[in-house]
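Here are the chains, one letter per residue:
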Amino acid sequence: MKRSLRKLLWLVSGILLIFAGIIAIFHPQSAVLSVSFVLGVALLFSGIFSAIIFLTAKGTAFGSAWVLAGGLFDIILACMMLGNPYLVEENLPFLFGMWIMFSGVIRAVFAWELKRAGARRWGWMVAAGTLCVIVGFLSFYDPLVVNIAAGVLVGVFLILQGLVSLALWGYASSMEK
């Protein structure tokens, strides 16, 4: 029961993140406020699902503490985005940069946990995590570019996060101890 719930939550989380990413990419001209709302909602669901996955997998899956850390970070950032969208509008490049860098580090570390668990094709998750860290760093480098392309950048990252969630849905049985 717990394993099937975790798999379902990974699947739903992945689909929601990809859907939010597609919306953001196809409407980049929309105001940063609407992007922050879409991102806030997607992050909130992703964080809640990650916390539930942690609670059901605690002690039975490798790297479950990293799932919780990522989920809590997503929930905190979602609350900030939904609670004060004007703060997000002014600080989107920095919030986005912190979020994507933190998520990238978590993905890369989690990939090494998958390797240790004997999962195959874990290397692409290390590459995706590394790419996230690089993109996060670049958002600090030129904040104006991030503001101009916020919808597209957030959309691409949401799709990437959704694909990782779908991959974790596929890995769910190999993550069990």
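Note that this is a predicted model, so its numbers are computed, not measured. Each chain has its residues counted from 1, running along the sequence as written. Local features in this predicted model are restricted to residues of pLDDT 70 or higher, and side-chain atom pairs are both shown and tallied only at a pLDDT of 80 or more, whereas totals for entire chains, interfaces and linings draw on every residue. Think of the side-chain values as coming from all heavy atoms in the structure, minus any hydrogens and water.

1. Points about the overall build of the chain
Here is step 1: Each helix and strand counted, the chain has seven helices and zero strands in total.
Here is step 2: Only DSSP runs of H or I reaching four residues or more are called helices, and only runs of E reaching two or more are called strands; each is numbered from the N terminus. N-terminal to C-terminal, the α/β element order of the chain is α-α-α-α-α-α-α.
Here is step 3: A simple rule labels every residue: compare its accessible area, found with a 1.4 Å probe on the protein chains alone, to the largest value its type can have, and call it buried under 20%, exposed over 50%, or partly exposed in between. Here the chain, with 177 residues, has 44% of them falling under the buried criterion.
Here is step 4: For the chain, the proportion of contacts with a sequence separation of at least 24, taken over those separated by at least 6, is 83%. The criterion used for residue contact is that any of the two residues' heavy atoms lie within 4.5 Å.

2. Considering empty space enclosed by the protein
Here is step 1: Residues are said to line a cavity or pocket when one of their atoms sits within 4 Å of a point; the points come from a 1 Å grid over protein atoms alone, cavities being sets where a 1.4 Å probe fits but cannot get out and pockets being open sets with protein on both sides within 12 Å along at least five of seven lines. Grid points are joined across faces, edges and corners, and a volume is the space filled by probe spheres set on the points. By the definition in use, this model includes two cavities of 30 Å³ or more.
Here is step 2: Looking at the largest cavity, its volume works out to about 120 Å³.
Here is step 3: Lining the largest cavity we find 14 residues, and of these Ser50, Gly70, Gly71, Asp74 and Arg107 sit closest to its centre.
Here is step 4: Looking at the lining of the largest cavity, the elements that each hand over two or more residues are helix H1 (2–26), helix H2 (32–57), helix H3 (64–83), helix H4 (85–116) and helix H7 (150–171).
Here is step 5: With five residues, the top contributor of residues to the lining of the largest cavity is H3.
Here is step 6: Of the residues contributing to the lining of the largest cavity, the split by class is four nonpolar, eight polar and two charged. Classification convention: Asp, Glu, Lys, Arg as charged; Ala, Val, Leu, Ile, Met, Phe, Trp, Tyr, Cys, Pro as nonpolar; all other residues, Gly among them, as polar.

3. Description of the nonpolar core
Here is step 1: We define a nonpolar core as any set of buried Ala, Val, Leu, Ile, Met, Phe, Trp, Tyr and Cys residues linked to one another through side-chain atoms lying within 4.5 Å. Counting 18 residues, the largest nonpolar core has Leu39, Leu43, Met81, Trp99 and Leu158 as its most contacted members.
Here is step 2: Residue assignment for this core shows that the elements contributing at least two residues are H1, H2, H3, H4 and H7.
Here is step 3: Of all the elements, H4 adds the most residues to this core, at six residues.
Here is step 4: Setting aside chain neighbours within four positions, we find leucine 158 in contact with Leu17, Ile18, Ala20, Gly21, Leu39, Ala42 and Trp99.
Here is step 5: The next biggest cluster of nonpolar side chains, apart from the first, holds 16 residues, and it includes Ile53, Ala111, Val164 and Ala167.

4. A word on the side chain of aspartate 74
Here is step 1: Within the secondary structure, aspartate 74 is located in helix H3.
Here is step 2: Under the counting rule used here, the positive set is Lys and Arg, the negative set is Asp and Glu, and His together with the chain ends is not counted. Salt bridge, as used here: a side-chain nitrogen of Lys or Arg that lies within 4 Å of a carboxyl oxygen of Asp or Glu. No salt bridge is formed by the buried aspartate 74; its nearest oppositely charged neighbour, arginine 107, is found at 5.5 Å.
Here is step 3: Those residues within four positions of aspartate 74 in sequence are excluded, and the remaining contacts are Leu43, Ser46, Gly47, Trp99 and Ser103.

5. Thoughts on the packing of aromatic side chains
Here is step 1: Side-chain rings of Phe, Tyr and Trp (the six-membered ring for Trp) are treated as a pair once their centres are within 6.5 Å; stacked means planes under 30 degrees apart, edge-to-face means over 60, and tilted covers the remaining angles. Taken as a whole, this structure holds four aromatic pairs when the rule is applied.
Here is step 2: Relative to phenylalanine 49, the ring of phenylalanine 45 has its centre 6.1 Å away and its plane inclined at 50°; by these criteria the two rings are tilted. You can see phenylalanine 45 and its partner phenylalanine 49 sitting in helix H2, four residues apart, about one turn around the helix.
Here is step 3: Since its relative accessible area comes to 41%, phenylalanine 45 is described here as partly exposed.
Here is step 4: Exposure remark for phenylalanine 49: the relative accessible area of 13% places this residue in the buried category.
Here is step 5: Pairing tryptophan 112 with tryptophan 122 gives two aromatic rings, centres 4.7 Å apart and planes at 50°, and the pair type is tilted. With a gap of ten residues between them, tryptophan 112 in helix H4 and tryptophan 122 in the loop between H4 and helix H5 (123–141) connect regions that are remote in the sequence.

6. A short note on unusual backbone geometry
Here is step 1: Of note in this structure, arginine 121 is not a glycine but carries a positive phi near 55°.
Here is step 2: Position of arginine 121 relative to the elements: it lies in the loop between H4 and H5.
Here is step 3: According to the relative accessible area criterion, arginine 121 is exposed, its value standing at 60%.

7. Quick word on the environment of leucine 87
Here is step 1: Tracing the sequence through the fold places leucine 87 in helix H4.
Here is step 2: Sequence-wise, leucine 87 and serine 36 are 51 residues apart; in three dimensions their C-alpha atoms are separated by 9.9 Å.

Read these as layout, nothing more, since geometry by itself doesn't imply function.
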